[in-house]
Amino acid sequence: MGEQENNPQERRTKRRKNELVMKCLISVLVLALVVMGTLLAKEVVIPEVVKLTSSEEQSQSSANTAETGSLTDDSSVVSDSEAADTVFEETGDEDASEAIETASAQSDASDADDGAFTVAEEAEIEAVLMEAENLAAMYDYDSAIACVQASEYYEASETLQQAASSYEKTKANCVSWSPEEVTHIFFHTIIWDASKAFDGDLYAEGYNQYMVTMDEFSAIMETMYEEGYVMVSMHDMCEVNEDGTVTRKEILLPEGKIPFVLSQDDVNYYHYMDGDGFASRLVLDENGDVKAEYIEDDGTVSVGDYDLIPWIDTFVDSHPDFAYHGHKGTIALTGYEGVLGYRTDEAYLTRDEDRLTIWQKAYLEENPDFDEEAWQAEVDAATAVADALKADGWEFASHTWGHIDPMAKGLDGTMTDTERWKSNVETIVGETDIIIFAFGADISDWTEYAEDNEYYIYLKEQGYNIFCCVDSTQYWVQFNGTSMRMGRRNIDGYRMYYNADLLADLFDVSAVWDALRPDTVAELSEAAGTMSSEYTASGSSDEDSAEGASDEESAAGEDGLAAGEGTSE
């Protein structure tokens, strides 16, 4: 986790540095042309000099000139002051006054640096300032201070020194948030084309219950940003110590900013969703950025912000203050049909009948040449995408390999499922200490996890320190000494339709509701078809296989099914 927390914006910062160097070079060329033009003008336009014949007149003229110059200087000072007062009076905005004061201070610092550095050195200083400003914009003031102080020009540059002082002052005025004051919201895969999702087929009602459209999602995020919400990581809320204990951490934000955790479940792009208006997988574009592929009606493939992750990435590019220390969301993955849209599970290779869903079987029939080489290519591509996501502020969590309820599956079944997640998913996305239970399930009631809870003992031994369930309350966080447990709030059609009041602290449902969504949302028991629990073989035994087959009659993003049930008091 440490590597991710250090600088998740490294690639973007490097790109901005390169842009700055280019701008500096262009500025130098323009300055050179201006200087040459000025020298040429002085040689061509020579003002006439009027010689005074009287020394008395010369003396009087000098006196007048001195007096006039003094008056000019004084009036200039007054003019600047009056200008600042005028801006403040006209706008009534204290920020305007502060902006003038800051600009004046920066100008003074820049003047102090004038002539002290070469053009190349000034470009390096500007690059350092840009990197520090980017860090400070994401509230990482310590890193911003360390950035400018690490510069070899720091001791000689008043500009860098004033920047460090400014970051220290801003940090000192921040508000401290405890973990118990942080809300956690989650979404499923975002619907890109509502006309395809809500077309009345077997899965339409499930989509209506468990998903939101892109128009709804973007409106929700933009509203929360305007209200001051800032994405934080669950690792910003707790410290995992070497002795296995887990303790609270504080989050520091300027007054008016509100921390929240964002997660997305089932970022797997299951087979059953094909052709229903969803993205098909995550890919790297020509710039190395993560985007989503979308298959058009004519079979052509478009690449863009067709799901939650690339939309957030693009938004943070222009609104870095939406991501605390550059941290974005947590990606919860199953593994039975692969990850991130890639067919990476070993069952695609072994073709084990007890492990294949009906959709996997159909896929393999349609792709008879899907061999070990093709499978490895899927694994490699998924790994590259996962690496890029981690480098850009995203974290991964287990959503269990088979989208299971641990206590319903039993301890042995939970062990088998965990082993499969580690061998099929962890090998691609890397280690994680977060488990987000599927179906809104948990391994205990609302009381703290007991140290003799066999499920807790096992999962803790497997490296999990952060456990997430589903809860409808605004905040729900527990520490038991060796873990952090957090409730999540489902944002979907069901919650928006039946419990809009429970989301009022985040956004106004009536303002974001997509007109393309059906007018009503069915009760959960009325859902038709399946969603993410489409997997047909829950375990290795025939009994487990039969149990898994019966799961086909249930609804799929059933994280929302248990929302508010069993985890809140």
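Values in this document were obtained by computation on a predicted structure and should not be read as measured data.

What counts as what
- Residues numbered from 1 in each chain as written.
- Predicted model: local features only at pLDDT ≥ 70, side-chain atom pairs only at ≥ 80, totals over all residues.
- Heavy atoms only, no water.
- Phe/Tyr/Trp six-rings, centres within 6.5 Å; stacked < 30°, edge-to-face > 60°.
- Helix = DSSP H or I, 4+ residues; strand = E, 2+ residues; numbered from the N terminus.
- Buried < 20%, exposed > 50% of the residue type's maximum accessible area, 1.4 Å probe, protein only.
- Pairing = 2+ DSSP bridges.
- pLDDT = per-residue confidence, 0-100.
- Contact = heavy atoms within 4.5 Å.
- Axes fitted to C-alpha atoms, helices over the stretch in contact; angles between N-to-C directions.
- Parallel < 35°, antiparallel > 145°, perpendicular 65-115°, else oblique.
- Left-handed = near helix turned anticlockwise from the far one by under 90°.
- Nonpolar A, V, L, I, M, F, W, Y, C, P; charged D, E, K, R; others polar.
- Core = buried A, V, L, I, M, F, W, Y, C linked by side-chain atoms within 4.5 Å.
- Polar contact = N/O pair within 3.5 Å; in protein donor to acceptor, adjacent residues only side chain to side chain.

## Remarks on the packing of aromatic side chains
Next, step 1: Under the defined criterion, the tally for this structure stands at 30 aromatic pairs.
Next, step 2: Here Phe217 and Trp311 contribute two aromatic rings whose centre-to-centre distance is 5.4 Å and whose plane-to-plane angle is 75 degrees, an arrangement assigned as edge-to-face. Separated by 94 residues along the polypeptide, Phe217 in helix 10 (residues 214–226) and Trp311 in helix 11 (residues 308–318) bring together distant segments of the chain. No difference in accessibility class separates Phe217 from Trp311, as the two residues are buried.

## Quick look at the pairing of strand 9 (residues 290–295)
Next, step 1: Judged by how many residues are buried, strand 9 sits mostly within the fold: five of six residues are covered.
Next, step 2: Sheet analysis places strand 8 (residues 281–284) next to strand 9, joined by four bridges and oriented antiparallel. Paired with Arg281 across the bridge in strand 9 is Glu293.
Next, step 3: Connecting strand 8 to the next strand, strand 9, in antiparallel fashion are five residues, including Gly288 with a positive phi near 85 degrees.
Next, step 4: Of the pairings in the sheet, the one linking strand 9 to strand 10 (residues 301–304) comprises four bridges and is antiparallel in character. The residue bridging Glu293 from the neighbouring strand is Val303, located in strand 10.
Next, step 5: In textbook terms, the turn of a hairpin is the stretch between consecutive antiparallel strands, and for strand 9 and strand 10 this stretch comprises five residues, one of which, Gly299, has a positive phi near 95 degrees.

## Some words on the confidence of the model for the chain
Next, step 1: The pLDDT averaged across the chain works out to 82; a share of 72% of its residues lies at or above 70.
Next, step 2: Considering only residues more than four positions removed or in separate chains, one finds that residues 41–107, a stretch of pLDDT under 50, has 13 contacts.

## Details of the packing of helix 6 (residues 141–149) against helix 7 (residues 158–172)
Next, step 1: Their axes nearest at 9 Å, the elements helix 6 and helix 7 cross at an angle of 165 degrees. With respect to each other, helix 6 and helix 7 are oriented roughly antiparallel. Relative to helix 7, the crossing made by helix 6 is left-handed. Here Tyr141, Asp142, Ala144, Ile145, Val148 and Gln149 of helix 6 come into contact with helix 7, specifically with Leu160, Ala163, Ala164, Tyr167, Glu168, Thr170 and Lys171.
Next, step 2: Residues of the contact of helix 6 with helix 7, tallied by class, amount to eight nonpolar, two polar and three charged.

## Structural notes on the nonpolar core
Next, step 1: One finds Phe187, Ile312 and Leu340 to be the most contacted residues of the largest nonpolar core, which totals 91 residues.
Next, step 2: Discounting chain neighbours no more than four positions away, the residues touching Ile312 are Phe217, Met221, Met231, Leu262, Phe322, Lys328 and Trp394.

## Some points on the environment of Gly277
Next, step 1: Within the fold, Gly277 resides in the loop between strand 7 (258–265) and strand 8.
Next, step 2: By relative accessible area, Gly277 is classed as buried at 2%.
Next, step 3: The spacing of Gly277 and Trp192 is 85 residues in sequence and 5.5 Å in space, taken between C-alpha atoms.
Next, step 4: Sequence-distant contacts of Gly277, that is, excluding residues within four places in its chain, are made with Ile191, Trp192, Asp193, Lys196 and Tyr294.

## Quick notes on the side chain of Lys196
Next, step 1: By secondary structure assignment, the location of Lys196 is in helix 8 (residues 194–197).
Next, step 2: Relative accessible area serves as the criterion here: at 18%, Lys196 is assigned to the buried category.
Next, step 3: A distance of 3.0 Å separates polar atoms of two side chains, one belonging to Lys196 and the other to Asp193.
Next, step 4: At a separation of 3.0 Å, a polar atom in the side chain of Lys196 contacts the side chain of Asp297.

## What to know about the packing of helix 5 (residues 119–137) against helix 7
Next, step 1: Contact geometry of helix 5 with helix 7 gives a least axis separation of 11 Å together with a crossing angle of 5 degrees. When the axis of helix 5 is compared with that of helix 7, the two are roughly parallel. From helix 5, Ile125, Val128, Leu129, Ala132, Glu133 and Ala136 reach across to helix 7, where they touch Thr159, Leu160, Ala163 and Tyr167.
Next, step 2: Of the residues assigned to the contact of helix 5 with helix 7, the class counts are eight nonpolar, one polar and one charged.

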